[in-house]
Amino acid sequence: MWMPTEEEKLGVVICSFRDAVFHGLTLEIGETVQILEKTEEWYRGFSTKKPTVKGIFPASYIHLKKAIVTNRGPNETVVPLEDPIVTEVTTTLQEWAVLWKQLYVKHKTDLFFKLRHVMNELIDLRRQLLSGHLTQDQVREVKRHTTIRLDWGNEHLGLDLVPRQEFVMVDEDQISVSDLYKMHLSSRQRVQQSTSQGDSVRVSVPHHLLVSLKSFTHNTINEDIDIFFSLYDIRECKQLSERFMVRLNKSGGPKNLEKADRLCTLFMDLSSKDLKKDLYIVAHIIRNGRMLLNDSRKGPAQGQYRRPHGCAVLALSEVLHAISELKEEKEFVLKVYTCTNESEWHQIHESILRKSSIKSTAPCSSHGLIISLQFLHGDTEQIRREHPGLFTRGISVTRQLGFPEVVIPGDVRNDLYLTLERGEFEKGGKSVQKNIEITMYVLYADGQILKDCMSLGAGEPSASEYHSLVFYHNNAPRWSEMVKLSIPLDRFRGSHLRFELRHCSTKDRGEKKLFGFAFTPLMREDGTTLADESHELYVYKCDENTTFSNHALYLGLPCCKEDLSACPGSTASPTFQRSPKELLWVSTQLCSSKLTQNVDVLALLNWKSHPDRVMDILGRLRYIGGEEIVKFLQNILDTLFSILEDNTDKYGPLVFQSLVFVINLLREGRFSHFRSITDTYIHNHFSGALAYKELIRCLKWYMERSAEVTRQDHIQEAMRALDYLFKFIVQSRTLYSQATCGMEEDQFRASIQELFQSIRFVLSLDSRSSENLIFTQVALLSSLPAVFDELLPVFTVQEAAELVRGTLSSMPSTVHMGQSMDVVKLQSIAGTVDSRLFSFAESRRVLLPVVLHHIHLHLRQQRELLICSGILSSIFSLIKASSLETSVQEEVEMMVESLLDVLLQTLQAIMSKSHSPEASRGQRCPQCTAEITGEYVSCLLSLLSQMSDVHFQHLLDNFQSQDELKEFLLRIFCMFRNLMKLSVFPRDWAVLRLLTSHIILKTTQQLSLALRKNFSGATFDFKVWSSYFSLAVLYISQPSLQLEALSPAKRNKVLDKYGDMRVTMAYDLYNMWQNLGEDKVHFIPGTIGAFLGVTLVPQDEVRNIMIPILHDMMDWEQRRSGSFKQVEAELADKLDTLVSEGKGDESHRKLINLLAQLFGPYPSLLERIEQETWREMSSSFVTSVMRLTERVLDYKNCLKADEAENKKTGCTFNLLNFGKCDTNKEELYIRYIHKLCNAHLKTESYAEAGFTLLLYWELLQWEPRPLREFLHYPAQSEWQRKEALSRKVIHYFNKGKAWEYGIPVCRELAAQYEASYDYQSLSWIRKLEATYYDNILEQPRLEPEFFRVGFYGKKFPFFLRNKEFVCRGHDYERLEAFQQRMLGEFPEAIAMQHASQPDDSILQYDGQYLQIYAVTPVTENADVLQMDHVSDRIKSFYRVNNVRRFRFDRPFHKGMKDRENEIKSLWIERTTLTLSHPLPSISRWAQVEKRELVEVSPVENAISVVENKNQELRMLIGQYQHRPPHSNVNQLSMCLNGVIDAAVNGGVARYQEAFFDEDYIESHPQDVQRISKLRAAMQEQVHILGAGLAVHERLVHPDMRPLHKKLVDQFYMMRSGFCRGTPGLEKLSPTCSRFSSLRGLPTNAEGPRMMHTHGHMNMLGSFRQSSSSLSSHTSSETGNLAIMTDSLTGDHSDDFMRMQLSPSSSSLSSTHSAPSQMINSAHSSGRGSPSMPDKYRPNRELLMLMPRHQERAGNAMYPGACENEQPTNFQRSLFQQTGPCKPCSDPNLSVAERGHFSMQFDAAHHHVSDIHPAFPARSLRKSPLHPIPASPTILHSGLDGSNSTLSGSASSGVSSLSESQCAPPSEPPGRTDTLDSIPSQAWTPEEDVGSPYPHVRYSTSEPEDIHSAKALPCRSHSAPGGVSPGPPQEHPHYHSNAHFCHGHGPVLMSKPYLREVCRPEEGFRQQPMVLPTPLQHKIP
């Protein structure tokens, strides 16, 4: 029959039970079971792991445990009756076991093994506690170690911190919150200390060094050894400790076998100061044996002598750090140095330390000491407890020579350390010096030798005599050997030391012959011992037969010089004669707690012997050392009070001063332990019954004098001793009262009242003007708290409290006294609160108002907050402890009235400071730390927790107005929210966090009543209600209350103690909402998102409570607006917030489930809706929410999977568009604007970040409307926010080098600044705008690549699925890199290998396909690109920015494919993509909106290819134009080689074969214009290649000259291929044939005459080519191959036809080039490559680089070359620029040198008016060959002849392919984009004519030509400055029918200018530059 159990309530399973028994309960070994019922052999109950599952199990399987049962019955609670530590260890190990296994799974192996070790330690410690065999000290130590390990494990496993008190978990209900906070702090510190390393050396405790000798290895001594260890301070050169002695036998083992395991000692009482010294362990080695080690005599030694052998040292400071961290000993090896000079033995250790080689010999390998060291910490008792094994084996203790740093009472010492220093002795008639040994004895006054009183060192027993070392043949030995003398105190007086001197002979059988002695008494006649100094002792002669049986014979003799001066007549004795030349020096050091060397101490103790000297003796007391005073503390105190009683009037003040001195001496740290001795003396030994009167009188006199005297040192000393003075007063009064049965009680009370009146008088004095008075008040305030407790024996508690209250009230109540006084005043109050007096309730009621008053004042002014918090914490602790026994309602009421409001204000100020900008910059005030915040939070919670309903009601009723109540409610609600938001307490402080939540809930429930009562209906206040709702929502959602995250055991524990506080708050929230009534409308839609957040709490009951509130809110929303738009917007914001907070997938699934619940079956919202319209709107609402949810989930998945930034950017962009389409989602829209901006910043897409912020910028207006705080923006006006946004946008555009987009924003901002007259900001923005313009022109920018990407397949996110985009690539990113990046972002995608459009199978494929290829931007702003005056940097920007159309070409063949030349049928399928928005924009991606497909014919394709290659060449040449010689030209070489080699072997030549063929032209008449355009582009390419070769020749390295020569040769072959002409072009129409004529050839006879007028110029008709180089004009005209047709008319057609082609020369060498300052700038943006800024443009564009016009000179564009027989502006400018030509009639010149065509002109029969322009000029709007900028240093180079461009090279290759710029016209140039301003260099490339620039010779190989060259005068201003038109006849190289005209080089300009022409500086005189004649070359 089952019976309820009475005793058997708890048990532990000792054997697993798994039998299949009906109703059986499966149990595992170690489980704890609670037993409910029992039968004979069975129990029924449950396992504590699963309390809901009950069953039966065998009783034999259970080990019963004692337990305490409360609340017996079905819900009884069973607690095991065992040590709480044991219970905690058990439960903790069970919890750790699960987490420990997870560590292994998570590969946290380090923590896994550490935790296993700790768990094993805990099991062992638990076993020790359960054994019951430990002492109380051992139990305490085991508990300490246990709690340290428990806290360590919880810390590392992330578990909760357990607050403890005396190693036991505290009950939070039994202590105040302040105490609980302090316990958490102490537990945290304990954990940190246990994990920190290197903190074992603590300053406050003594340290001890354990030294153990392990072995001494030697092979040569073969004698007994004594080793003396000591500590030595090398800086002060003194021994710090006694010596430790070890005796070893001949074999190296211990001489005493019983000490085999005890060769160790403990050097005691090392202070922290000692450890900072330069300490060494010194080991002196003494051998005991024969005199000389090398004595050859056989047999045993004749005598045994103590002889010096060696020394070893170890630097303790070097090994201190290593051994201080260890818990075990560590061994060290010491080298032994042997002594070579015995006279230096006394300093052998110093010579070793200073490495002096002359003092000792180096150690050999056979000598060494092995010792082990270990540091121990703590006092002696602690060492004995922690290391009992050391003391059980009898370890020796080696003490310091003096008293330790802290003198401990009861430490009785009476040691005299004597050091035998040195001696000086005579030979005594011997030929050699003596071997002297000294024997020392201690003799009593009766002549008996004191037994066993001498110790050579610790570790060995004491001896009755001492034998010194013996130095061989040394009459001046220096021993420096210390001996400790332990003489009984009662035998000290009258005892003396006798030193017997003997000579140790090595011949006479080792006899020791006595030859003298010395002596000294131990105590002088005045009772003092020997002084601590060196003593020079006289030596008296005697012989070996002398006996000292009658010691009185020599004691009457003077022992030293002082005795001789004191007794001059006692120098002689018939028995002993003093040896005048022999002396012995010894030194002594007394370390005694009973004896003294101080005469003043003895005089004071014996004051009755000298009554006339009492005044002097008392005056000298303060000069006595503290050690001497504490030795005789009780005797001195007795003496002082006996003197006081002897004559109070006479000695009273002096005794008072002496007593004050002694009391203050005990305040010093090293003597603080003697205060307990003083307390014992006062209570047990003090007998001055009348002393209190004089003490009170003296105290009053001192205090009254404090306002008068200037020097107050003695007053301050008396104030510091006030506590002990009061102890003496009270004890004295008690003794008097006992002796007189309470007589004079009233007088005593009156005197105490008067004394306290004097104290109040001192405290009330204004000390601001007196620094001394301040110190007096500080001393008095510091001593007062200790005085208060002394009043209790003689006053009642009430009376004492009144005295104290009057004293505290006399303190200044204002906080103006200065910080130091404030601190001391509060410390005095803190001492009062901590005093025993304050612990009484009746005194606390008296003192509490005064204490609270002072604290209130300091809190109001935020002063000394840390001290105030400590005082409050102590008060709360006392009140909490008292509340468990008695009622504390009155005290709590006082606290609430005085502190609650100011505590809230203080906390608010602290929190605001801690989150201020100063705090974030590390400038936080020390009072605003986390520590002080926690202190005040705990104080506030302590106060609230102790408030009852009565207190709350009283508090609320005391508010005078509703505004005050409102302010209070807002403040406390805000404080509660901050406590939950800021997480004041760490996460693992679960106990304190739960208690905080409980207090907040209790307080909120009380305050909600006042809120409902005072702020509802007519007095409704939105702000207060909103604050309450925010608090409630935050409270329910706070992480510490989410019980689902806790373990089951912890969850049940929380539920048992507090219940589910979320549900309680939810019910309160529901009730408050229902009480709002019509005022609910004010909270819609503002609180919808917050309430929706509450529904996400994973608690069904909370959700069921919140659903009616949501229904109510939707009902009100529908009534007001008729829709759910606001609800939808709020929900969108809430979803976004969830993503921002990083909610996981589980939360999102819960969110979707929640939506289904809200809009699904009952109790959903739709179930509550009855109207049909609501259902329709709800369906729309659900659809919108689900769409948003899908996007949010995509974004969250990107964040969760750590996707690439581009993918995150795409998701953000998608959400941004969702928010943009609805005005109700503006906040969502703005939030995602900033998220997208941040995503761009992470990828350094600064331009896109600027565009993104512009979206928010556009939403704002320049209005002063105030805006609330949002995101990271503070509360500010709309104007200020837009200004800040403008600056940020400008900054991002600047970083992205998109200055063109930043300039409009600058202008917008400037307009606002100008309108507001903010000229300072206006100046700044205008300067910034100007800087951006400069950056556009000067800063290099890379042109990005663009890529088209198609995302095909169903596995892509919906915003990418089956869509195509164009992406703007990153800098330097090419197609391959972009493909790799995209495949990295989509690792499952398959890359498509073709560019055609995918079919439906790919679109519907359940996977991912990526199609990627590069696209080319199609510039829409073509006008800018056609303007020649616009910088190439500007054009480069517009080519790749603000582009919406992109192009992609796919080649294919149409029709019959020509096998010989496939180009004829090669068509291009051109796809043009139009984007949804231009790039760049808010994203690097833009979706393709439209596709267009066109087909491009072969000729159009060829034109495009050639023109693109020309553009590429121009940009590349521009990049290399201004590089220094011998630069790296690999890229230029490869590009030139690719074009030239392709042109020779195919390439462009294939176009000539394909399209210049007559048959093709006839069969494709529609392509005639295109063919002409292609021919012009090909000729332009030849022209550009020449310029490129010029640059290449200048830069190429000498090693690469063969490559350059090959390029030049192939270039001539390429050019000659164009010169052969194309028959198909001869039959073109006249319009077309103009392209094949030489432009500018004269068509009448007047033309040459005009040329002759202006100088001998062959303007268009001649070519000049050197066989060894390409000259300036040759390089210009390389591609200007004139194809002659019948369009050439005029009289000189025959001359023209005489021109012939010249083959390319096989040998090229440098001959001439143009000055490089005439070189213009080239294209600057070849794929973003930098180039020189435009300010280095020279004067005119190069002839060879000018664009050609598409129209002929004589067509509509050029109506005529001459008007009214006058040359046109164009011709005039042309002639001005041309100048004379070089003569080319030299018969020695090769055909190549003369040019392909030669033209003869009659210089006497032509006129300028006859010239008819015959060449068309290319339109300036077409892509020109951009000028190549010159070097800015070219001027100086040209003038001094050092220009590298002019220097040339005589080796091979082209010297320079550049052109000269002549002097500028005198008039400023006009616009270069008009017809009139077209420069004269506007030749077309086919004009392979003579250069208009003089032929310049660069080679210096012919000096005779240089010297013969003469400057010819300039006869026409139209000729360049410094260039002579030249009389041709006189020139030796001039012929009438010359091919070349002669001229001289130009004078170099002073500096390059920015305009198209270069003007010389004012006052600059141009000097002609004489140039040499051309070199003569021969053709082999």
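As a reminder, the structure under discussion sits directly above these lines.
Since we're looking at a predicted model, the values are computed, not measured. Numbering of residues begins from 1 in every chain and follows the order in which that chain's sequence is written. Residue-level local features of this predicted model are given only where pLDDT is at least 70; pairs of side-chain atoms are given and counted only at 80 or more, and the full residue set underlies all totals for whole chains, interfaces and linings. Side-chain metrics rest on all non-hydrogen atoms present in the structure, leaving aside hydrogens and water.

Undergrad: So what's going on with the nonpolar core? Which residues, and what values?
TA: Note on terminology: a nonpolar core comprises buried Ala, Val, Leu, Ile, Met, Phe, Trp, Tyr and Cys residues joined through side-chain atoms within 4.5 Å. Exposure categories follow from relative accessible area, calculated using a 1.4 Å probe and restricted to protein chains: below 20% of the type maximum is buried, above 50% is exposed, and the middle band is partly exposed. Judged by nonpolar contacts, the single largest core of 199 residues is most densely connected at Leu859, Ile871, Ile875, Leu899, Phe1029 and Phe1091. Looking at this core element by element, the count peaks at twelve residues for helix H27 (residues 889–914). Look past the residues within four positions of isoleucine 875 in its chain and what remains in contact with it is Val833, Phe838, Leu848, Val851, Leu852, Ile855 and Met895. Counting 66 residues, the second-largest nonpolar core is a separate cluster that includes Leu416, Leu450, Phe517 and Ala518. Secondary structure counts use DSSP, requiring at least four H or I residues in a row for a helix and at least two E residues in a row for a strand, with both numbered from the N terminus. Any two residues whose heavy atoms approach within 4.5 Å are treated as being in contact.

Undergrad: Just give me the short version of the sheet that holds strand E28 (residues 496–504), but keep the residues and values in it.
TA: With antiparallel pairing, the nine strands of this open sheet are ordered in space as E25-E27-E23-E31-E30-E29-E28-E24-E26. Single-partner strands in this sheet number two, and they are strand E25 (454–455) and strand E26 (465–467). Whether two strands pair depends on DSSP finding at least two bridges between them. In this structure, strand E29 (residues 512–521) lies alongside strand E30 (residues 534–541), joined through two bridges in antiparallel fashion. Bridge pairing links glycine 516 to lysine 541 in E30.

Undergrad: Could you give an account of the pairing of strand E17 (residues 305–315), naming the residues involved and the relevant values?
TA: Of all eleven residues in E17, eleven are buried, a share of seventy percent or more. Examined bridge by bridge, strand E16 (residues 279–289) and E17 share ten bridges and lie antiparallel to one another. Among the inter-strand pairings, asparagine 288 is bridged to a residue of E17, identified as arginine 306. Of the strand pairs in this sheet, E17 and strand E19 (residues 337–339) are connected by two bridges, and their pairing is antiparallel.

Undergrad: Please set out a negative patch on the surface residue by residue, giving values where relevant.
TA: A grouping of Asp532, Glu533, Glu536 and Glu562 is seen on the molecular surface, where their side chains present a negatively charged patch. When you line up the elements, glutamate 562 lands in helix H11 (residues 561–566). Taking relative accessible area as the criterion, glutamate 562 reaches 48% and is therefore assigned partly exposed. Like-charged residues within 9 Å of one another, or nonpolar side chains (Val, Leu, Ile, Met, Phe, Trp, Tyr) within 5 Å, are grouped into patches, provided each residue has over 30% relative accessible area and no salt bridge. Note that accessible areas follow from Shrake-Rupley with a 1.4 Å probe, and for residues the cover is restricted to the protein chains shown. Note on definitions: salt bridges are taken to be side-chain nitrogens of Lys or Arg within 4 Å of carboxyl oxygens of Asp or Glu. Residues scored as charged are limited to Lys and Arg (positive) and Asp and Glu (negative), so that His and the chain ends carry no count. The atom standing in for a charge is NZ when the residue is Lys, CZ when it is Arg, CG when it is Asp and CD when it is Glu.

Undergrad: With reference to specific residues and values, describe the packing of aromatic side chains.
TA: Whether two aromatic rings pair depends on their centres lying within 6.5 Å, for rings of Phe, Tyr and Trp, where Trp uses its six-membered ring; planes under 30 degrees apart make the pair stacked, over 60 edge-to-face, and the rest tilted. Counted by the stated rule, this structure contains 62 aromatic pairs. An aromatic cluster of at least three residues, connected via ring pairs, comprises Phe973, Phe1020, Phe1022, Trp1025, Tyr1028, Phe1029, Trp1073, Phe1083 and Phe1091. Sitting above the plane of the tyrosine 538 ring, arginine 578 keeps its charged end 3.6 Å from the centroid. Cation placement over rings: the criterion is NZ of Lys or CZ of Arg within 6 Å of the ring centroid and within 35° of the ring normal. Directly above the ring of tryptophan 1467 sits lysine 1454, whose terminal nitrogen or CZ lies 4.0 Å from the centroid.

Undergrad: A description of the sheet that holds strand E21 (residues 368–377) should follow, citing residues and the corresponding values.
TA: The pairing of strands in a sheet comes from backbone hydrogen bonds and takes either a parallel or an antiparallel form. Pairing is mixed across the open sheet formed by five strands, whose spatial order is E18-E21-E11-E15-E22. Each edge of the open sheet carries a strand with a single partner, namely strand E18 (330–334) and strand E22 (396–398). Direction aside, the axes of adjacent strands within the sheet are offset by 30° on average. For E18 and E21, the ladder comprises five bridges, and the chain directions are antiparallel. Axes here mean lines fitted to C-alpha atoms, for a helix over just the part in contact, with angles spanning 0 to 180 degrees between N-to-C directions.

Undergrad: Help me get a handle on helix H20 (residues 722–740), residues and values and all.
TA: Relative to the 27 Å expected for 19 residues at 1.5 Å per residue, H20 spans 26 Å between its end C-alpha atoms, a close match to the ideal helical length. With 15 of its 19 residues buried, H20 lies for the most part within the structure. Where H20 terminates, the next one or two residues include cysteine 741, which has phi positive at roughly 60°. To estimate how far a helix should reach, multiply one less than its number of residues by 1.5 Å.

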